[in-house]
Amino acid sequence: MRFKGGYNVLFQGKPDGAVQTMPEPEKLYLPLRSERFHFSSLSVEEGQQVQAGDVLATDPDNFDIPLLAPRAGRVRLEQAENHIVLESIEGLPEHAELDGREILHAEQKAGTAAAKREALVRLGAWQFLYDAHTQALPDPTGTPQAVIVSTVSLEPFLVRGDVLLHRRLLNFTRGLEHLQSLLEYQPIYFAIPDIRSEFADLVRNHIRGYAWVKLLEIPLVYPYDDFAILARGLELSSGNGPVWAVRTEGVLAIDQALTLDRPCLTRTIAIGGTGVVSPSHIEVAPGYPLKAITDKYVFEPNPRIIDGGILTGKVFGDEALGIGTECRGITVLPELKEREFLGFARPGSDRGSFSACFLSSLTHRIRERLTTAMRGELRPCVSCNFCEEVCPAGISPHLIHKYLYRDLIEEAAQARVDLCVECGLCSYVCPSKIDLRAQFTEARELIEQDKREAREAKAREEAVEETSA
Amino acid sequence: MKVLLRLLDKVRPTFEDGGRLHLLHPAFEAIEHFLFSPSQTTITAPHVRDPLDLKRFMSMAIISLVPCILAGLYFYGLRFIAIIVVSYAAGLTVELIFAIARKEGINEGFFVTGILFPLIMPPAVPLWMVALGVAFGVFIGKEIFGGTGRNLFNPALVGRCFLALAYPAQMSGSWLAPATELGGRVLKYVDGSNLDAVTTATPLALAKQGEFVSTAHMFVGNVAGSIGETSAIAILAGGIFLLMTRVGSWRTVVSTLASFAVLAAILRHAQPDRFGPVLWHLCAGGLLFGAFFMTTDPVTGPVTNTGKWLYGAVIGATTVLIRNFTGYVEGVTFAILLGNIVAPILDEAVFAVRLRRLRSEG
Ligand code: SF4
Ligand code: SF4
């Protein structure tokens, strides 16, 4: 498999491998919206007492994926906008993790594939699956052409596969067996990091003998772990049916659901970035109050708190109160405070750049103390080609930018702006500080909308024809 | 530095909309952003950005010209400084007028043009011609296209080309013999009127009469020629730096020089008595300077890497042909301007092939 472009942005605040458990909160704030889901259809009433694992709401547009109550407690619907609040939280009953560990392999009896898939949706494990090409939730009743499983997580700073797998390798391989039992003969591609790492050795030893798993070694360069990039590299074209993709946490959730019949009520997320005291991983229930986390970890007086990684994450809005069900990491950046005197003329041994215009390129790459600064003025594109060199999707960002600048959506579509995986690297490297990624996201939405409208118009026409015929 | 920033903050309202001097806002902004990095922050993802900005980008080009500037100073003396000052003053005026009219910032690209232009002037050129040339180059070569980033031609070359066509006699009669004394002319002001500086013909002009200057002399630079073009060592030192920073593309340079060398070698092989040796040609005239500092201008060259290979080939080959088969002694200026014209076409072709390949992807 050949990879194009890619680049690792290095900066301070990389989470270490430790996983810390946060104290049980008094209240949970479960957001009704997340990256892919909108849990708009409520299943509970104000004041209702719920048990851990009960369904609070579902997303009718996404195969009725449930929002589960992570803990027992009382439901409050009016306390916060767009959140379900749980108060009087009770801690989870102590299950020993051990009982699961004694089961070495996935049990064969566990029922038909259809029943298993239904269980995955019910127990909240299905939401860890992605359609590799569209990043949407795949249809639980569908048949994929292949499955991509990845333990690699390259965007700084999201929860890392090796951290999740620590002491859970057995659960993981059992999860893989479960995953396989959902399929007929479709291959599972298993992406593991750099073959030289100790972790890779360990994983390889564990899955030796799983003939249906095809190992895929990917270099540790952002964003080679992107599912769309992997699917394209494996030549799994979207025309041949969906490609399912799932990360480490998903495989572990599948194992928990199908081996123990237990819902997945805790998440491990990373907390890192320049503004964090001791960057690490934390184990929290979805809905965990954001403030409790930032109070403990953030020392910056004026931070930007990002839901997700530094390159693709979204800023937590003022109204965000708790961790979402899809959160994989929190990144904290200090806002720009001081303007640098003669900034552009510094030798630059303290800053790392994609170009080689700074002294640091002669020595070694450093972890920089990054802020939210734009670090330059907006200028017209100078055709330096950096964006194309760094783009993992093999398209030409500067060309698409020039089309979009002149409102030529049609041409941008032909230049395949839809292949953009929104990794953000082009915006990152551009010396003219053009917000390429944002422009492409907008263009892709426009194109999608056009297509949808065209489809609907066609459907209407056909309906008219039928009635008139 | 805090004091300075406070001072800037205090006078800022004068230059903003409604202020007394709001017309000069681009000038104020240029000074402010020269002194202090901008205060803008990212709004959407990615939340951080690379430290490289256009100021730094263009500074690298200027730094890479320093060896040539020093060599020019050594061989041709203080007058060179006067030429640089005139070039910046005249060019900046045009740039500022357009920045005000367009309500945009002053583009950093100008600072490179402003120093490139003096380096491709004959040393004894009258100062009014410098002013006229650079103003013409910036105006016609850049501003009417919409400024840096949108221009088709390299402004410095447009200026030189204009002077060469409008004032051929002055341009070809303004050569000076370079300094031969130890210590050069670092402290002397020499123009065409000084007795010790006889106006001599350049190596390429002499070659048309069958007389070849030694390659070693051209390598060091003590031959007649444009101010920055004569010393191959200085050009190489700066040029290699430029390529190392990745501001200039090595592909363009390698392709230009390689195509030039191959074609020159073929000619030499066919008729050794009529055509000069390859290495001699490589060091003569503006070829090296053009290859390292003019073809690598990202704006006027192709964007794609394949396009860059083709672009270099066009320029190298055209230079050989103009030099050896036309009445012009030097072909680099025209070759690069021709390259500027074909660059978008080359890119188009590369994109067409690429888009066809991409059509079935995903
Ligand atoms: S165009 Fe898209 S895929 Fe390519 S670098 Fe930019 S954001 Fe990433
Ligand atoms: S990185 Fe920016 S300036 Fe360079 S080619 Fe791409 S869009 Fe243009």
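A quick note: this is a predicted structure, and the numbers were derived from the prediction, not measured.

So, on to the nonpolar core. Where a protein is soluble and globular, its nonpolar side chains tend to be buried together. Within the largest apolar cluster, 122 residues are counted, with the highest numbers of intra-cluster contacts made by Val9(A), Ile148(A), Phe57(B), Phe289(B) and Phe293(B). Ranked by the residues each element gives to this core, the list is headed by helix α15 (residues 287–294) of chain B, at 7 residues. Excluding residues within four positions of it along the chain, Phe57(B) makes contact with Val382(A), Cys384(A), Phe386(A), Pro431(A), Leu52(B), Val247(B) and Pro298(B). With 55 residues, the next largest nonpolar core counts Leu129(A), Ala200(A), Val246(A) and Val251(A) among its residues.

All names here are of chain A. An order of β9-β13-β10-β11-β12 is seen for the 5 strands of this open sheet, with the pairing classed as mixed. On the outer flanks of this sheet lie β9 (129–131) and β12 (213–218), each paired with one strand and no other. Within the sheet, the average angular offset between the axes of one strand and its neighbour, ignoring direction, is 25°. In the sheet, strand β10 (residues 146–150) pairs with strand β13 (residues 243–247) via 5 bridges, with the strands oriented parallel. Its bridge partner lying in β13, Ile148 is registered against Ala245. Each of β9, β10 and β13 is contacted by helix α7 (residues 248–260), which is oriented at about 90° to β13, the strand it contacts most.

With that out of the way, let us pick up the site of ligand 1. Close to ligand 1 lie Cys391(A), Pro392(A), Ala393(A), Ile395(A), Pro397(A), Cys420(A), Val421(A), Glu422(A), Cys423(A), Gly424(A), Cys426(A) and Phe440(A), which account for all nearby residues. For the shell around ligand 1, the class distribution of residues is 10 nonpolar, 1 polar and 1 charged.

What follows concerns the site of ligand 2. Around ligand 2 sit Cys381(A), Val382(A), Ser383(A), Cys384(A), Asn385(A), Cys387(A), His398(A), Cys430(A), Pro431(A), Ser432(A) and Leu436(A), and that is every residue in its neighbourhood. A class-by-class count of the residues in the shell around ligand 2 yields 7 nonpolar, 4 polar and no charged.

For the rest of this paragraph, the subject is the interface of chain B and chain A. Counting residues at the interface gives 57 residues for chain B and 75 residues for chain A. The largest share of the area that chain B buries against chain A comes from His47(B), Arg49(B) and Arg56(B), three residues that together contribute 13% of it. Here Glu377(A) ties to Lys55(B) by a salt bridge, and the two come within 3.0 Å at their closest N and O atoms. Scanning the region where chain B abuts chain A turns up 36 residue pairs in polar contact (both at pLDDT 80 or more). At 6 residues, the largest contribution of residues to the side of chain B that touches chain A is made by helix α3 (residues 54–64) of chain B. For the side of chain B that touches chain A, the per-class residue count stands at 25 nonpolar, 18 polar and 14 charged.

In the segment running from Tyr222(A) into Pro223(A), the intervening peptide bond is cis, with an omega of -5°. Within the secondary structure layout, Pro223(A) lies in the loop between β12 and α6 (227–233). One non-glycine residue, Arg246(B), lies in positive phi territory at about 70°. One can find Arg246(B) in the loop between α12 (232–244) and α13 (250–270).

We now examine empty space enclosed by the protein. In this approach, a probe sized like a water molecule rolls over the atoms, and the result shows the empty space that is left. Evaluated as defined, the whole model comprises 8 cavities of 30 Å³ or more. Empty space within the largest cavity amounts to approximately 270 Å³. For the largest cavity, the lining is made up of 21 residues, of which Met58(B), Val112(B), Leu116(B), Asp297(B) and Pro298(B) are closest to its centre. Broken down by element, the residue count for the lining of the largest cavity peaks at 5 residues, all from helix α6 (residues 109–119) of chain B. Of the residues assigned to the lining of the largest cavity, the class counts are 13 nonpolar, 6 polar and 2 charged. In this structure, the second largest cavity encloses a volume near 130 Å³. Lining the second largest cavity, in full, are Pro66(A), Leu67(A), Leu68(A), Pro70(A), Gly124(A), Gln127(A), Phe128(A), Cys264(A), Leu265(A), Arg267(A), Pro286(A) and Thr325(A). Of the residues forming the lining of the second largest cavity, the biggest block, 3 residues, is contributed by strand β6 (residues 65–68) of chain A. Its residues placed into classes, the lining of the second largest cavity shows 8 nonpolar, 3 polar and 1 charged.

Residue and element names in this part refer to chain A. Entries for chain A in the domain assignment read domain 1 (1–25 + 115–335), domain 2 (340–374) and domain 3 (378–469). Its C-alpha centre places domain 1 at a distance of 31 Å from the equivalent point of domain 2. Listed as interface residues are 14 residues of domain 1 and, on the opposing side, 10 residues of domain 2. Regarding the contact of domain 1 and domain 2, the summed buried area is about 1200 Å², with carbon and sulfur atoms giving 54% of it. Broken down residue by residue, the surface that domain 1 buries against domain 2 is led by Tyr7, Leu10 and Gln12, which jointly contribute 46%. For the pair domain 1 and domain 2, the number of links is 1 salt bridge. Arg369 serves as the salt-bridge partner of Glu300, at 3.2 Å between the closest nitrogen and oxygen. Class assignment of the residues belonging to the side of domain 1 that touches domain 2 gives a composition of 7 nonpolar, 3 polar and 4 charged.

A few words now on the confidence of the model for chain B. Predicted confidence across chain B gives a mean pLDDT of 86, with 94% of residues reaching 70 or more. The complex model carries a pTM of 0.91, and its ipTM stands at 0.90.

Attention now moves to helix α2 (residues 113–122) of chain A. All names here are of chain A. Within the sequence span of α2, burial applies to Lys116, Arg117, Ala119, Leu120 and Val121. Against the buried residues of α2 lie β6, α4 (169–181), β13 and α7. Within two residues after α2, Gly124 carries a phi angle of roughly 75°, on the positive side.

Below, the discussion takes up a negative patch on the surface. All names here are of chain A. A cluster of acidic side chains, namely Glu410, Asp450, Glu453 and Glu456, defines a negative patch on the protein surface. At 3 residues, helix α13 (residues 436–468) tops the list of elements feeding residues into the negative patch. Relative to the assigned elements, Asp450 resides in helix α13.

All names here are of chain B. Two elements in contact, α3 and α12, have axes whose closest approach is 8 Å; the angle formed by their N-to-C orientations is 160°. If you check the angle between α3 and α12, you find them roughly antiparallel. Like other packed secondary-structure pairs, α3 and α12 cross with a definite hand, here right-handed. In contact with Met60, Ala61, Ile63 and Ser64 of α3, α12 contributes Gly238, Gly239, Phe241 and Leu242.

What counts as what
Residues numbered from 1 in each chain as written. Chains lettered and ligands numbered in written order. Predicted model: local features only at pLDDT ≥ 70, side-chain atom pairs only at ≥ 80, totals over all residues. Heavy atoms only, no water. Core = buried A, V, L, I, M, F, W, Y, C linked by side-chain atoms within 4.5 Å. Buried < 20%, exposed > 50% of the residue type's maximum accessible area, 1.4 Å probe, protein only. Helix = DSSP H or I, 4+ residues; strand = E, 2+ residues; numbered from the N terminus. Contact = heavy atoms within 4.5 Å. Pairing = 2+ DSSP bridges. Axes fitted to C-alpha atoms, helices over the stretch in contact; angles between N-to-C directions. Near = heavy atom within 4 Å. Nonpolar A, V, L, I, M, F, W, Y, C, P; charged D, E, K, R; others polar. Buried area = accessible area lost by both parts, 1.4 Å probe. Salt bridge = Lys/Arg side-chain N within 4 Å of Asp/Glu carboxyl O. Polar contact = N/O pair within 3.5 Å; in protein donor to acceptor, adjacent residues only side chain to side chain. 1 Å grid on protein atoms, 1.4 Å probe; cavity = no way out; pocket = protein on both sides within 12 Å on 5 of 7 lines; lining within 4 Å. Points joined across faces, edges and corners; volume = space filled by probe spheres on them. Domains from an automatic or database assignment. pLDDT = per-residue confidence, 0-100. Patch = residues over 30% accessible without salt bridge, like charges linked within 9 Å, V, L, I, M, F, W, Y side chains within 5 Å. Areas by Shrake-Rupley, 256 points an atom, 1.4 Å probe, with all protein chains shown as cover. Lys, Arg positive; Asp, Glu negative; His and termini not counted. Charge placed at Lys NZ, Arg CZ, Asp CG, Glu CD. Parallel < 35°, antiparallel > 145°, perpendicular 65-115°, else oblique. Left-handed = near helix turned anticlockwise from the far one by under 90°.

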